[in-house]
Amino acid sequence: MFKEFKEFISKGNVMDLAVGVIIGGAFGKIITSLVDDMIMPVLGIILGKINFSALKLIITPAEGDKPEVAVLYGSFIQNVVNFLIMAFVIFLMVKAINKLRKPAKEVAEEIVEEVPSKEEKLLTEIRDILKSK
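Here, residues in each chain are numbered from 1, in the same order as that chain's written sequence. Local features in a predicted model are, by the rule used here, given only for residues with pLDDT of at least 70; side-chain atom pairs are given and counted only at 80 or more, and totals for whole chains, interfaces and linings are based on all residues. Calculated side-chain values reflect all of the structure's heavy atoms, with hydrogen atoms and water omitted.

- The name given to the protein in an unreviewed UniProt entry is Large-conductance mechanosensitive channel, with Pseudoleptotrichia goodfellowii F0264 as the source organism.
- Under the UniProt heading Subunit (unreviewed entry), the entry covering the protein gives this text: "Homopentamer."
- UniProt positions are given in the numbering used here, feature names are shortened, and annotations may be inferred rather than shown by experiment. If you open the UniProt record of the protein and go to Sequence similarities (unreviewed entry), you find "Belongs to the MscL family."

As structure tokens, this is what we get:
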């Protein structure tokens, strides 16, 4: 069982996935900080000094030991903005990676096209013989 586990862990895909998850988690924290600490305060000032994190719809106010029951739609707005920024950044990264990969594929296709197959060589020789007659 240990041998199988070692083979599973040592595969490249598992390690790549682990690195991706760790970097993704850290990247998520950066985007959350960007939205919460920089974008939303500026957006709040632009929209009339609104604090989005404090926006809520109180369903039942707090009474004694009972906490209030509220819908925190301001927090929801922050999370939506957070998601949109994260999705846009990932879109840009995938687009850049695809742009880098595309020229490599085109170069490989050109190399493949330049090398004639055996049939093409034979047909070229036959054509040249017929032209000379």
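That was the structure; now back to the text.
1. Examining the layout of surface pockets
Here's step 1: In this structure, the largest pocket spans a volume of roughly 180 Å³.
Here's step 2: Elements that contribute at least two residues to the lining of the largest pocket include exactly α2 (12-46) and α3 (73-114).
Here's step 3: What counts as a helix is a DSSP run of H or I of at least four residues, what counts as a strand is a run of E of at least two, and both are numbered from the N terminus. If you tally residues by element for the lining of the largest pocket, the top one is α3, at five residues.
Here's step 4: Polar here means any residue outside two lists: the nonpolar Ala, Val, Leu, Ile, Met, Phe, Trp, Tyr, Cys and Pro, and the charged Asp, Glu, Lys and Arg; Gly therefore counts as polar. Residues of the lining of the largest pocket, tallied by class, amount to six nonpolar, one polar and one charged. Of the grid points, spaced at 1 Å and generated over the protein atoms alone, those admitting a 1.4 Å probe that cannot get out make up cavities, while open sets with protein on both sides within 12 Å along at least five of seven lines make up pockets; any residue with an atom within 4 Å of a point is treated as lining. Grid points are joined across faces, edges and corners, and a volume is the space filled by probe spheres set on the points.

2. Considerations on the side chain of glutamine 78
Here's step 1: Inspection of the secondary structure puts glutamine 78 in helix α3.
Here's step 2: Apart from residues no more than four positions distant in its own chain, glutamine 78 is found in contact with Val35, Asp36, Met40, Phe52 and Ser53. Whether two residues are in contact is decided by their heavy atoms, any of which lying within 4.5 Å being enough.

3. Things to note about the pattern of salt bridges
Here's step 1: Any carboxyl oxygen of Asp or Glu within 4 Å of a side-chain nitrogen of Lys or Arg constitutes a salt bridge here. For the coordinates displayed, the defined rule picks out two salt bridges.
Here's step 2: With a closest N to O distance of 2.5 Å, lysine 56 and glutamate 68 form a salt bridge. Of this pair, lysine 56 sits in the loop between α2 and β1 (57-60) while glutamate 68 is found in the loop between β1 and β2 (69-71), placing the two residues 12 residues apart along the sequence.
Here's step 3: Under the scheme applied here, a residue whose accessible area is under 20% of the maximum for its type counts as buried, over 50% as exposed, and between as partly exposed, the area being computed with a 1.4 Å probe on protein chains only. Residue lysine 56 is classed as partly exposed on the basis of its relative accessible area of 36%.
Here's step 4: Classification of glutamate 68 as partly exposed rests on a relative accessible area of 31%.
Here's step 5: We note a salt bridge from arginine 127 to aspartate 128, for which the minimum N-O separation is 3.4 Å.
Here's step 6: Residue classification places arginine 127 among the partly exposed residues on the basis of a relative accessible area of 43%.

4. A short note on the nonpolar core
Here's step 1: What we call a nonpolar core is a set of buried Ala, Val, Leu, Ile, Met, Phe, Trp, Tyr and Cys residues that are connected through their side-chain atoms within 4.5 Å. Core analysis: the biggest nonpolar cluster contains five residues, these being Ile31, Val35, Met40, Phe52 and Met86.
Here's step 2: Looking at which element gives the most residues to this core, the answer is α2, with three residues.

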